[in-house]
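A closer look at the structure
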Amino acid sequence: MTCRTVTILGATGSVGQSTLDLIGRDADRYEVLALTAHNNVDALARAAIFHQAKLAIVTDESCYGALKEALAGSGVEAAAGREALTAGAALGADWTMSAIVGCAGLAPTLAAIRQGRTVALANKESLVSAGSLMMDAVARSGATLLPVDSEHNAIFQCLAGGRIEDVSRITLTASGGPFRTFSLEEMRQVTPAQAVRHPNWSMGAKISVDSATMMNKGLELIEAYHLFPVGLERLHILVHPQSVIHSMVEFRDRSTIAQLGSPDMRIPVASALAWPERMETPCRPLDLAAIGRLDFELPDVDRFPALRLARAAVEAGGAAPIVLNAANEVAVAAFLAGQIGFLEIAMIVEDVIARKAYDAPHAIEDVWAIDETARRDAVKVAEEMAV
Ligand code: NDP
């Protein structure tokens, strides 16, 4: 493999750090162009200096001075603000990791896609909110979009050598999260600290809460709908608590191909980083004899209504997935701040979706406008629910 330029959007997060870990193990093969964060100046500056990045960007403009100071004498340039983020994403790196959390990742991800190079996509919220527009941008620019979410990366691997028109079913597996066996009454009492403690995966706070409500699987269903055009009726969700099978593809001859591995995000990140080759990782090899058994069960949409809401949103199409995502981001933030209870997250999403009818988005500006209105509505609903 020749030396490639890389940019990491969301370099200080869980996926960003996994990516840097892998890059650092084979540093001669990568030249880091830009690393970005929201306001975690220390971690960003440390990573930028260690990996000899050309540019470090914080989106929170009030952090610019601190970043500049932290980078003084290092040769790494500092920048701040949302426009700087989008410009950094458009530098034309050979390989860009899109790992910002939330819809905030949409503009820079689109900017990277428009360069026509390779974009590894972890930021599922951007695809949920602007799926068709984003896939159009991929087709127009000729970019290669590699899914990083472990389920979609698994499906991508299962499809290698197969034809999408021969797929009869795609099964996204779900761990069921930390409250898989909880009653509704028990879920009513759970705290943010319990919700961010995922049984199998180590992840950022927002996606951990999404896993606990299973909204994560709902967002992934929408993500899969855009990435793998087999039709919604062919997309299924199966709870598999051990998180060993990351997803499966069944072909029309009834052959099912699954991808398995230890639950470590560095495996799908490595698959996207080395694609179409393979690279070594420090991850634990899969020991099926030690694991002993694999369990499966159907998801319970009564206890996890987010699954029902996400499927309904993708069926409705138009603005519905944008509203679902925006309301969920606000509700999760309110839950993490201790303002609302756990069960209220899905209630807020449902309420905000039911409040208004929006026109379908035709351009990215429409997505921003719908996202902003839905966020305002969600804040209002969350305030009404707060005790
Ligand atoms: P983290 O919360 O750990 O990290 C988020 C990153 O985004 C940080 O670098 C953060 O910067 C940055 N960021 C936060 N808010 C903004 C903003 N408004 N503008 C610009 N940058 C911002 O998230 P994860 O790494 O867990 O997840 C990232 C994405 O990947 C999410 O979309 C998630 O759903 C997806 N994903 C994550 C997986 C995981 O295992 N963690 C697995 C599969 C998908 P700062 O540190 O300064 O706040």
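Before going into details, it helps to say that this report is about the structure given with it. Predicted model, so just to flag it, every value in this text is computed and none were measured.

Reading the values: rules and limits
Residues numbered from 1 in each chain as written. Predicted model: local features only at pLDDT ≥ 70, side-chain atom pairs only at ≥ 80, totals over all residues. Heavy atoms only, no water. Pairing = 2+ DSSP bridges. Helix = DSSP H or I, 4+ residues; strand = E, 2+ residues; numbered from the N terminus. Axes fitted to C-alpha atoms, helices over the stretch in contact; angles between N-to-C directions. Polar contact = N/O pair within 3.5 Å; in protein donor to acceptor, adjacent residues only side chain to side chain. Contact = heavy atoms within 4.5 Å. Buried < 20%, exposed > 50% of the residue type's maximum accessible area, 1.4 Å probe, protein only. Salt bridge = Lys/Arg side-chain N within 4 Å of Asp/Glu carboxyl O. Patch = residues over 30% accessible without salt bridge, like charges linked within 9 Å, V, L, I, M, F, W, Y side chains within 5 Å. Areas by Shrake-Rupley, 256 points an atom, 1.4 Å probe, with all protein chains shown as cover. Phe/Tyr/Trp six-rings, centres within 6.5 Å; stacked < 30°, edge-to-face > 60°.

Some remarks on the sheet that holds strand E8 (residues 167-174)
One open sheet accounts for four strands, arranged E9-E8-E10-E11; its pairing is mixed. Two strands lie at the open edges of the sheet, namely strand E9 (235-239) and strand E11 (256-260), each paired on one side alone. On average, each strand axis in the sheet is inclined to that of its neighbour by 20°, with strand direction left out of account. Direction of pairing for E8 relative to strand E10 (residues 245-251): antiparallel, over a ladder of five bridges. Paired with Thr171 across the bridge in E10 is Met248.

What about unusual backbone geometry?
Cis geometry marks the peptide bond from Trp275 to Pro276; its omega dihedral reads 5°. Tracing the chain through its elements places Pro276 in the loop between helix H12 (266-274) and helix H13 (288-291). The phi torsion at Met214 lies on the positive side, around 70°, for a residue other than glycine. Relative to the assigned elements, Met214 resides in the loop between helix H10 (205-213) and helix H11 (215-227). The backbone of Arg254 shows a phi angle near 75°, a positive value even though the residue is not glycine. Structurally, Arg254 is set in the loop between E10 and E11.

Some words on the side chain of Ser98
Relative to the assigned elements, Ser98 resides in strand E5 (residues 95-98). Only 2.9 Å separates the side chain of Ser98 from the side chain of Thr109, close enough to count as a polar contact. Those residues in contact with Ser98 that lie beyond four places of it in its chain are Leu9, Thr109, Val119, Ala120, Leu121, Ala122 and Asn123.

Side note on the side chain of His51
Relative to the helices and strands, His51 resides in the loop between helix H2 (41-50) and strand E3 (55-58). Take His51: its relative accessible area is 15%, and that puts it in the buried class. Setting aside residues up to four positions removed in sequence, His51 forms contacts with Leu20, Ile23, Gly24 and Val32.

Structural notes on the pairing of E10
Along a regular strand, successive side chains alternate from one face of the sheet to the other. Burial analysis of E10 places seven of its seven residues in the buried class, the great majority of the element. Bridge count for E10 against E11 is five bridges, and the pairing is antiparallel. Bridge pairing links Ser247 to Gln259 in E11. Following E10, the chain reverses through four residues before pairing antiparallel with E11; Arg254 in that reversal takes a positive phi of roughly 75°.

Here we look at the sheet that holds strand E4 (residues 77-80)
The parallel open sheet is built from seven strands, whose spatial order is E4-E3-E2-E1-E5-E6-E7. Strands with a single pairing partner mark the edges of an open sheet, and in this sheet they are E4 and strand E7 (144-147). For this sheet the average axis-to-axis angle between neighbouring strands, irrespective of direction, equals 20°. In this sheet, E4 lies alongside E3 in parallel orientation, the contact comprising four bridges. Residue pairing across strands places Leu55 opposite Glu77, the latter belonging to E4. Sheet contacts for helix H4 (residues 82-89): strand E1 (4-9), strand E2 (30-37), E3 and E4; angle to E3, the most-contacted strand, approximately 145°.

Concerning the pattern of salt bridges
Throughout the structure, instances matching the rule amount to 29 salt bridges. When the shortest N-O distance is used, the salt bridge between Asp210 and Lys206 registers 2.7 Å. Residue Asp210 and its partner Lys206 are located together in helix H10, separated by four residues, close to a single helical turn. In this structure Asp210 comes out as buried when scored by relative accessible area, which is 1%. Asp377 is the salt-bridge partner of Lys356, the closest N and O atoms lying 2.4 Å from each other. With Lys356 in the loop between helix H16 (344-355) and helix H17 (364-385) and Asp377 in helix H17, this pair connects stretches of sequence that are 21 residues apart. By relative accessible area, Asp377 is classed as buried at 4%. In this structure, a network of salt bridges that share partners links the residues Lys124, Asp149, Glu151, Lys217 and Glu220.

Side note on a nonpolar patch on the surface
Together, Leu260, Leu286, Leu288 and Ile291 make up an exposed nonpolar region whose accessible area comes to about 280 Å². Judged by its relative accessible area of 34%, Leu260 falls in the partly exposed class.

Here's the deal with the packing of aromatic side chains
Per the counting criterion, the structure on display carries four aromatic pairs. Judged by centre distance (5.6 Å) and plane angle (65°), the ring pair of Phe335 and Phe342 falls under edge-to-face. Taken as a pair, Phe335 and Phe342 share a single burial class, namely buried. Clustering of aromatic rings is evident, with ring pairs tying together Phe179, Phe182, Phe335 and Phe342.

By themselves, these are just geometric observations and shouldn't be taken as functional.
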